[in-house]
Amino acid sequence: MALINADRDRFPCHPWQLVETNFTAGDTGALETIFSIGNGFLGVRGAHWSPADAELPGSFINGFHETWDIQHAENAFGFARTGQRILYVPDANNFTVVVDGETLTLAGSAVVDYRRTIDFTTGLYESRVTWACRSGATVTTVERRAVGQQTRGGLAITLELTTDRQVSVDITSSIVNRQDQPAEDHSSHDPRRSGRHAERVLLPLRLEGSNGSLRLAWETSESKQKIGVAVDHRISGPQQPFTTQADQDESVVRYVLAVDEGAPLLLEKSVAYAFTTAGDGSDIEEAAEAALKTTAAIFAESAAHYRRYWSTADIRIGGQEELQQAVRWNLFQLEQGTAQAGVAGIPAKGVSGSGYQGHYFWDQEIYLLPFLTYSNPRGARQVLEFRHSLLPEARMRADELNVDGALFPWRTINGLEASAYYASGTAQFHIGAAIAFAANRYSWASGDTAFRQSEGADLIIETARMWMSLGFFGKRGAFHIHGVTGPDEYTAVVNDNLYTNVMARFNLRAAAALQHPGVDEGERDLWLQAAARMQMPYDDTLEVYSQDADFMTLEPWDWSTPRSQYPLLLHFHPLVIYRHQVLKQADTVLAMFLQWQDFTAAEKQRAFDFYDPLTTGDSTLSPCVQGIMAAEVGYGDVALAHFTDAAFIDLDDSHANTIDGVHIAASGGVWLSLVNGFAGFRDQGPVPYFDPRLPAAWTSLAFHLKLRGGTLQVSLVRGSITLSFDGDGPLDVQVRDELVSVGAREVTVTLPAREAPVPSVFRSSFATAGMPIVQARPAGQRAPSTGQPAPSADQRAAH
């Protein structure tokens, strides 16, 4: 489906804003995500201020969650025990506006003019609506919102009302405890979505209100976290609130007054949130009150923050207006999801929704930390320090699964494994290598030797110990890793998954390269031997690296399956998917991107040619990787198609679940596609490396990378790349086969055009002639009766 691109009159292209020019029912929930605001700590969905016009409104704080005991229908040792779910915090974005007795709503009132924007340059949300009231008055309301940046729990909301004649106005401003409100369970049959708790979650600690001010606090029922909310209201003119009432579910401040023509009414709502974890004795009410700032101060904070951010974070594309807007929206989402990096992990939906229950995955290290490493190194270090703080839990989990070192959870908030389905959860051991990889990248890019020798070393060494005990040396001396799931969740619990083995090899080598007092030469030598002997499945017939030891023996998927039955995970039992040759995610291709020096150009091309047609697109993390590798092997049009898909995943709601929050890792993938794909940047080698592949329709591409304490400016045009570096001393950079020394003076390197390669042609490894096709069917659909015996196992294998 398409949303933004389906109606460019409604969503006109603007280089620095997302704009909506009319209200249309039916896509409200997705737009609440797209227009959300946040800072990585606090997030507020972009719902309209009237409750009648909202579909899934809410606010979230990163790390504020509830726990429960997971009840397995059939239990086993080592299964995840503690569920965790991000909570809706009491939501301040609620107004009821009554003009001359008419409650204004977009659905029920006459709207003369409508314009909603989110400004990337200031972080400001604005909704401007002109109403033709039944009383004959023409009234305009303007709501503005922004979250704090220096004040991480701060939120500013203003509502301005102007009129062409005197009107009677009744405005109620509310703080709503949405977590304990009756709500539809959006988790039904979709593991990507979040459920709700059946019992009451937020237990009131303090409920006080007077003269337009509210002081509220709650404690979670099970996790024993506390949240405090302080709210002050200010109104233009001398009127005092008609009512100020505090309650555990809805607290209100109400104004009743007359508004004259030419005398706008301005209602300012200053909000501050604070929360503490279990056992923290801090005064939560006092912390929230201390964080209160005026709305003007929060607006100014936000604008100043984004001026600094865009000075180095912007990526400029020449000649592509709609793509430029989409890229900046994605870069804006990255900052909204990570600006306060380090307060906790980075949830898969940032702080824009409750999807994936607010859990942190490997997405954080592979898709988000590259952006942070090269735009906000301090933030990258803080996220890695947060991972490091979870080492005690990771060591306990390793012991529970009979491995050494540290085994980080597949999905978590508090450091405990929360994945109840181990086949696509716990079995994804590769998260350990992702964490080691991110730590190594940060050390390489920043030159932060203190981190490398402390927290970074701990992360790399402890995960290497996990690989060493998980794997084993086989009969012929090869090192195998069995019983794992790679990034492709459509093949689960396999032996020698190529991605896992490639990344484990990296992890072992990185650990062996460290000079650390806790590592003796015997352990170092064992790591090097395992890395050198790592099993890399390869199909000699197809001349392609196999995704795992048995992938090439699987039955091909029936590609006549209608699009209505995708994503496959919602229409087929996992066992149906697992036994077929079909991918959710570009697994082997991702390995070749991340460990780019370990594979030849021919190996990468053949792998891309083989696996790209088998990839469904069911994962939002796949198109960016496919596009990066398409660019590297020389398929410019394919690369651009995958990139465009990635850039509009949320803006066009192409996976039909944008309502649950921004796919923040996919936004990170947009950054990767531009920097690593079209600019061809590769890191963690002897020097930074570039092999640019600018799309034919683009006139230029320009961006900055923060490297070794300085900033590397990169500018591409057709046929050349220009570099400059403002750090201490020159920086050696390799551009294709040329090594250049880059300093403050610009250096331009000519880039001769390269011919696109001839795509690989593969012989089928299955003897299909004369054999009946066995099609996979959705649950509940019977196989057609043919009057013939079912194919034997040997026949199916031949097919």
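Everything discussed here concerns the structure shown above.
Residues numbered from 1 in each chain as written. Predicted model: local features only at pLDDT ≥ 70, side-chain atom pairs only at ≥ 80, totals over all residues. Heavy atoms only, no water.

Enquirer: Give a detailed account of the overall build of the chain, specifying residues and quantitative values.
Expert: Across its full length, the chain carries 19 helices and 33 strands. In terms of its C-alpha atoms, the chain occupies a principal-axis envelope of roughly 85 × 75 × 55 Å. In the chain, buried positions account for 61% of the 799 residues. Sequence separation of 24 or more characterises 67% of the internal contacts of the chain that already satisfy a separation of 6 or more. Summed over its atoms, the accessible surface of the chain is roughly 30,100 Å², and 49% of this surface lies on carbon and sulfur atoms. With 63 positive and 94 negative side-chain charges, the chain shows a separation of 2 Å between the mean positions of the two kinds. (Helix = DSSP H or I, 4+ residues; strand = E, 2+ residues; numbered from the N terminus. Buried < 20%, exposed > 50% of the residue type's maximum accessible area, 1.4 Å probe, protein only. Contact = heavy atoms within 4.5 Å. Areas by Shrake-Rupley, 256 points an atom, 1.4 Å probe, with all protein chains shown as cover. Lys, Arg positive; Asp, Glu negative; His and termini not counted. Charge placed at Lys NZ, Arg CZ, Asp CG, Glu CD.)

Enquirer: Give a detailed account of the pairing of strand E14 (residues 213-220), specifying residues and quantitative values.
Expert: Counting buried residues along E14, seven of its eight residues qualify, which places the element largely inside the surrounding structure. Counting the residues that bridge the hairpin from strand E13 (residues 202-210) to E14 gives two residues, and of these asparagine 211 lies at a positive phi of roughly 50°. As paired elements, E14 and strand E15 (residues 226-235) share seven bridges and run antiparallel to each other. Bridge pairing in E15 links tryptophan 218 to isoleucine 227. (Pairing = 2+ DSSP bridges.)

Enquirer: Lay out the packing of aromatic side chains in plain terms, naming residues and giving numbers.
Expert: For the structure shown, the criterion picks out 36 aromatic pairs. A ring pair is formed by tyrosine 374 and tryptophan 671, whose centres lie 6.2 Å apart and whose planes are at 10°; its orientation type is stacked. Separated by 297 residues along the polypeptide, tyrosine 374 in helix H5 (residues 363-375) and tryptophan 671 in helix H18 (residues 664-678) bring together distant segments of the chain. Residue class for tyrosine 374 comes out buried when judged on its relative accessible area of 3%. Taking 5.4 Å as the distance between ring centres and 85° as the angle between the ring planes, the aromatic pair formed by tyrosine 545 and phenylalanine 599 counts as edge-to-face. Pair noted here: tyrosine 545 is in strand E23 (residues 544-545) and phenylalanine 599 is in the loop between helix H14 (587-594) and helix H15 (601-611), with a separation of 54 residues, a long-range link. One exposure class covers both tyrosine 545 and phenylalanine 599, and it is buried. Three or more aromatic residues joined by ring pairs form one cluster here, namely Trp16, Phe120, Tyr306, Tyr309, Trp310 and Phe332. Lying over the aromatic face of tryptophan 444, arginine 708 brings its terminal NZ or CZ to 4.7 Å of the ring centre. (Phe/Tyr/Trp six-rings, centres within 6.5 Å; stacked < 30°, edge-to-face > 60°. Lys NZ or Arg CZ within 6 Å of the ring centre and 35° of its normal.)

Enquirer: Before we move on, could you go through the nonpolar core and cite the residues and values that matter?
Expert: One finds Trp362 and Leu701 to be the most contacted residues of the largest nonpolar core, which totals 204 residues. Among the elements that line this core, the one with the most residues is helix H8 (residues 431-446), at eleven residues. (Core = buried A, V, L, I, M, F, W, Y, C linked by side-chain atoms within 4.5 Å.)

Enquirer: Please give an account of the sheet that holds strand E12 (residues 167-176) that cites residues and values.
Expert: With antiparallel pairing, five strands are arranged side by side in an open sheet as E7-E6-E12-E17-E16. The sheet is open, and its two borders are formed by strand E7 (102-103) and strand E16 (243-245), each paired with just one other strand.

Enquirer: Outline the sheet that holds strand E33 (residues 747-750), listing residues and values.
Expert: An order of E19-E28-E29-E30-E33 is seen for the five strands of this open sheet, with the pairing classed as antiparallel. Looking at which strands have only one partner, the edges of the open sheet turn out to be strand E19 (316-318) and E33. Ignoring strand direction, the axes of neighbouring strands in this sheet form an average angle of 20°. Strand direction decides the pairing type here: strand E30 (residues 720-725) and E33, joined by four bridges, are antiparallel. In the sheet register, isoleucine 721 faces E33, and the bridge partner there is valine 749. Along the sheet face, H18 touches E19, strand E28 (700-707) and strand E29 (710-717) and points at about 100° away from the line of E28. (Axes fitted to C-alpha atoms, helices over the stretch in contact; angles between N-to-C directions.)

Enquirer: Go over the pattern of salt bridges, please, and point to the residues and values.
Expert: A pair can form between side chains of opposite charge whenever their charged atoms are brought close. A complete count under the given rule lists 38 salt bridges for this structure. For glutamate 20, the salt bridge identified is with arginine 116, shortest N-O distance 2.9 Å. Here glutamate 20, found in strand E1 (residues 17-20), pairs with arginine 116, found in strand E8 (residues 110-119); they are 96 residues apart in sequence, far enough to count as distant. Overall, glutamate 20 belongs to the buried group, its relative accessible area being 0%. In this structure, arginine 524 engages glutamate 521 in a salt bridge whose closest nitrogen and oxygen atoms are separated by 3.2 Å. Highlighted residues: arginine 524 and glutamate 521, both in helix H12 (residues 521-532), separated by three residues, approximately one helical turn. Each of Arg10, Glu20, Asp27 and Arg116 takes part in a single network of salt bridges with overlapping partners. (Salt bridge = Lys/Arg side-chain N within 4 Å of Asp/Glu carboxyl O.)

Enquirer: How would you sum up the side chain of threonine 500? Please name residues and give values.
Expert: Locating threonine 500 in the fold gives a position in helix H11 (residues 498-512). In this structure threonine 500 touches His430, Trp467, Val484, Thr485 and Gly486, once residues within four positions along its chain are discounted.

Enquirer: Go over helix H17 (residues 636-647), please, and point to the residues and values.
Expert: One turn of an α-helix holds 3.6 residues; hence residues three or four places apart share an orientation. End to end, H17 covers 16 Å across twelve residues, agreeing with the expected 16 Å (1.5 Å per residue, within 8%). Among all positions in H17, only Ala639, His642, Phe643, Ala646 and Ala647 are buried. Looking straight down H17, one finds its buried side chains confined to an arc of 140°; they lie on one side. Those residues of H17 that are buried are in contact with helix H4 (321-338), helix H16 (622-633) and H18. (Expected span 1.5 Å × (residues − 1). Arc of directions from axis to C-beta.)

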